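Here's the letter readout for the chains.
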Amino acid sequence: LDATDDFHPFGLIPLRCLNGKGRVLGEKESYWFDLKPTDRAKTITFINLVLNNHVAKGTIHFTYLGYEAVSQRRKLGSSGSLNDYINDMVGQWRGIDVKGYTIENVDDPKKQLVIKLEVEEEISDKLNDHDFLLNAFLVEQWKRNPFRSSERLYPVDFGSPLEEVTILNLEYPSDYEIDELPNKVGLVLPQNGGRYIFEMKNVGNKLSMNNSLLITRPIFTSHEYHYLKELFNNVIAAEQTQLVFKKKK
């Protein structure tokens, strides 16, 4: 337990302390102990929307666990109020209005942090009077590859394992159709280092999406750098996908 930190639960070593080894000072002995993250930075996002008259209404649920819950609780603690925290969050998203929200387990670091938003978004990317574009990643997304150098001389250290899951369910008017769905993406890093899965399905007038990024190891060697770079290139390409909705003739 780190008694200097209000946001870490018992047993979760702060990222700043994960520097390889820690010293155990016992009554009769002293020895080095390998410090490894006991959890990952995990975010699960559920988006449920109904689209009608170019306006999408529904809910967005965020569930934060492990190191990501610590990070979000720290942001909450530094915000002036819950309203300020929500406004800062929504301010990074384009064209989304929050009509209401609830936050669960703010003061209990042993539990997952859950944020539920009631949202509304007016579709502004119109191709003409009827057809329009929609990016399925309405909220959190990778906009820039963190690995941009052509070469890497030192190991890559994420601090802890990373997991991001986004699930979208979108119901749209039956007199519309999606021009084309993006191809499924499935990539696996060598040495069980992680994976990325992206898939969209459309049945009738209901679109579903599963987007899952998993980095299972906190540290990668410089020789594995190019695998990470290529993985995130695919993540960014998928998350920038624009769906074309056309009115049926």
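Model, not experiment: these values are computed from the prediction. (Residues numbered from 1 in each chain as written. Predicted model: local features only at pLDDT ≥ 70, side-chain atom pairs only at ≥ 80, totals over all residues. Heavy atoms only, no water.)

Here's the deal with the pattern of salt bridges
Point 1. As enumerated under the stated definition, the model contains 14 salt bridges in all.
Point 2. One salt bridge connects Arg16 with Asp2, and the closest N-O pair in it is separated by 2.5 Å. You can see Arg16 sitting in the segment before β1 (21–25) and its partner Asp2 sitting in the segment before β1, a full 14 residues away along the chain.
Point 3. Take Asp2: its relative accessible area is 18%, and that puts it in the buried class.
Point 4. Between Glu199 and Lys184 there is a salt bridge, and its shortest N-O distance comes to 3.9 Å. (Salt bridge = Lys/Arg side-chain N within 4 Å of Asp/Glu carboxyl O. Helix = DSSP H or I, 4+ residues; strand = E, 2+ residues; numbered from the N terminus. Buried < 20%, exposed > 50% of the residue type's maximum accessible area, 1.4 Å probe, protein only.)

A word on unusual backbone geometry
Point 1. Although it is not a glycine, Asn53 sits at a positive phi angle of roughly 55°.
Point 2. Inspection of the secondary structure puts Asn53 in the loop between β3 (41–52) and β4 (55–65).
Point 3. Of the residues examined, Asn53 reaches a relative accessible area of 66% and is grouped as exposed.

What to know about the pairing of strand β13 (residues 206–215)
Point 1. Burial within β13 is extensive, with seven of its ten residues counted as buried.
Point 2. Note: strand β12 (residues 194–203) against β13, ten bridges, orientation antiparallel. In the strand pairing of β13, Asn202 is matched with Leu207.
Point 3. With antiparallel pairing between neighbouring strands as the criterion, β12 and β13 make up a hairpin whose turn holds two residues, including Gly204 at a positive phi of roughly 65°. (Pairing = 2+ DSSP bridges.)

Comments concerning the packing of aromatic side chains
Point 1. Using the criterion set out here, one finds eleven aromatic pairs in the structure.
Point 2. An angle of 80° between the planes, with centres 5.2 Å apart, marks the rings of Tyr172 and Phe245 as edge-to-face. On the criterion of sequence distance, the pair formed by Tyr172 in the loop between β9 (162–171) and β10 (176–178) and Phe245 in strand β15 (residues 242–247) is long-range, its members being 73 residues apart.
Point 3. The buried category is assigned to Tyr172, whose relative accessible area is 3%.
Point 4. A residue is classified by how much of its surface remains accessible, and Phe245, at 0% relative accessible area, is buried.
Point 5. Among the aromatic residues, those joined into a cluster by ring pairs are Trp142, Phe147, Phe158, Phe220, Tyr225 and Phe232.
Point 6. When the ring centre of Trp32 is taken as origin, the NZ or CZ atom of Arg23, which lies over that ring, is 5.0 Å away.
Point 7. A cation sits over an aromatic face here: Arg217 above Phe220, 4.3 Å from the ring centre. (Phe/Tyr/Trp six-rings, centres within 6.5 Å; stacked < 30°, edge-to-face > 60°. Lys NZ or Arg CZ within 6 Å of the ring centre and 35° of its normal.)

Bear in mind that shape data such as this cannot, by itself, settle questions of function.
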